[in-house]
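# Notes for the structure review
Given next are the chains, with one letter for each unit.
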Amino acid sequence: MNYIIFDLEFNQYFPSTTDSNQHEISNTNNSMEPKAASTVIHCPFEIIQIGAIKLDSNFETITSFNRFVKPTLYPKISPFITSLTGITTAQLQPEELFPIVNEAFCEFIGTGEVIFCVWGSNDIKELFRNATYHQLSLKPLPRAYINIQPYVSLHFGLPIKKPLRLQYSVEALGLPVTSAFHDALVDASYTAEIFKKLYQPSILPVIYDPSPVVINRPRQVKKVVDFEALLKQFEKMYAREMTAEEQTIIKLAYQMGKTNQFIKIPK
């Protein structure tokens, strides 16, 4: 049995840096023709780097994987992503497209019993979503995975609903910080070290279901303030009619309160 500890870096849609039209694909693999509305796959995060560490059952490193991806959904890397990861638009131009890199990653994963390990469930979700978007086979991707992030919270006696950042966890566990964070291979390496340090037989994988979840939310009823009733309540409280100026102030105060800009959090 092998463990694949992987990490992803993404680009995403920012109105100031990319075209507002999102690319959608047709039933022809890798075609950029528009899809029918009923078969459109929304892909808000485009993978631009895959980094991974392969461990054997004894947690010994077998090999590693590090590939960048030339983006096609959002071709321009946002300034925020560049500042976070150091990845630039120019840097990715000579790289292969996602289907090619994904094929190489699947070869790296190999066959047999394999368990994915991730820092947070978002990476495995986006890996399957990007593969689905490009209409690639999902069979080579393991469904069994371990989300290491909540086990760190449990280790420190903290609620798992408030996940810890990778950098904080590395430093809190006393692991050596040898490289800058927010690089897919570096983050995968740190995650692997955390996994080896905290692993217990009770940590078991769960099965990821890539099927889209359809949530039928009830239609929200638009709420409108009855200002006439509000003003009558003020008049009742003060036992007199509100002047036109007072009515304007009351309405304005209500609208300003809705902005939450005057909320004060007690220390």
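Everything here concerns the structure above.
This write-up is about the structure you can find in this document. (Residues numbered from 1 in each chain as written. Predicted model: local features only at pLDDT ≥ 70, side-chain atom pairs only at ≥ 80, totals over all residues. Heavy atoms only, no water.)

## Here we look at the sheet that holds strand β5 (residues 144–147)
One open sheet accounts for six strands, arranged β3-β2-β1-β4-β5-β6; its pairing is mixed. Pairing within the sheet leaves two strands with one partner each, and these edge strands are β3 (61–68) and β6 (206–207). Two strands pair when backbone bridges link them, and β5 and β6 are joined in this way by two bridges, in the antiparallel orientation. The residue of β6 that forms the bridge with Ala144 is Ile207. Against the sheet, helix α4 (residues 122–133) engages β1 (2–12), β2 (45–55), β4 (114–118) and β5, with an angle of about 75° to β1. Here helix α7 (residues 184–198) sits on the sheet and contacts β1, β2, β3, β4 and β5; the angle it forms with β2, its principal contact strand, is near 45°. (Pairing = 2+ DSSP bridges. Helix = DSSP H or I, 4+ residues; strand = E, 2+ residues; numbered from the N terminus. Contact = heavy atoms within 4.5 Å. Axes fitted to C-alpha atoms, helices over the stretch in contact; angles between N-to-C directions.)

## Considering the nonpolar core
Generally speaking, nonpolar side chains in soluble globular proteins are found buried as a group. Core analysis: the largest hydrophobic core is formed by 28 residues, its most contacted members being Ile4, Phe6, Phe105, Phe116, Leu127 and Leu141. Contributing elements (two or more residues each) for this core: β1, β2, α3 (98–109), β4 and α4. With seven residues, the single largest contributor to this core is α3. Those residues in contact with Phe116, other than ones at most four positions away along the chain, are Ile4, Phe6, Phe105, Ile109, Ile124, Leu127, Leu141, Pro142, Ala144, Tyr145 and Ile146. Ile53, Phe181, Tyr190 and Leu198 belong to the second largest nonpolar core, which has 27 residues in total. (Core = buried A, V, L, I, M, F, W, Y, C linked by side-chain atoms within 4.5 Å. Buried < 20%, exposed > 50% of the residue type's maximum accessible area, 1.4 Å probe, protein only.)

## Side note on the environment of Ala90
Looking at where Ala90 falls in the secondary structure, it is placed in helix α2 (residues 89–92). For Ala90, a relative accessible area of 61% gives the class exposed. Note: C-alpha distance between Ala90 and Lys70 (20 residues apart in sequence) is 9.7 Å.

## Some remarks on α3
Compared with the 16 Å implied by 1.5 Å per residue over twelve residues, the 16 Å span of α3 between its first and last C-alpha is a close match. Here α3 lies mainly inside the structure; nine of its twelve residues are buried. When we look at burial in α3, the residues that qualify are Phe98, Pro99, Val101, Asn102, Ala104, Phe105, Cys106, Phe108 and Ile109. (Expected span 1.5 Å × (residues − 1).)

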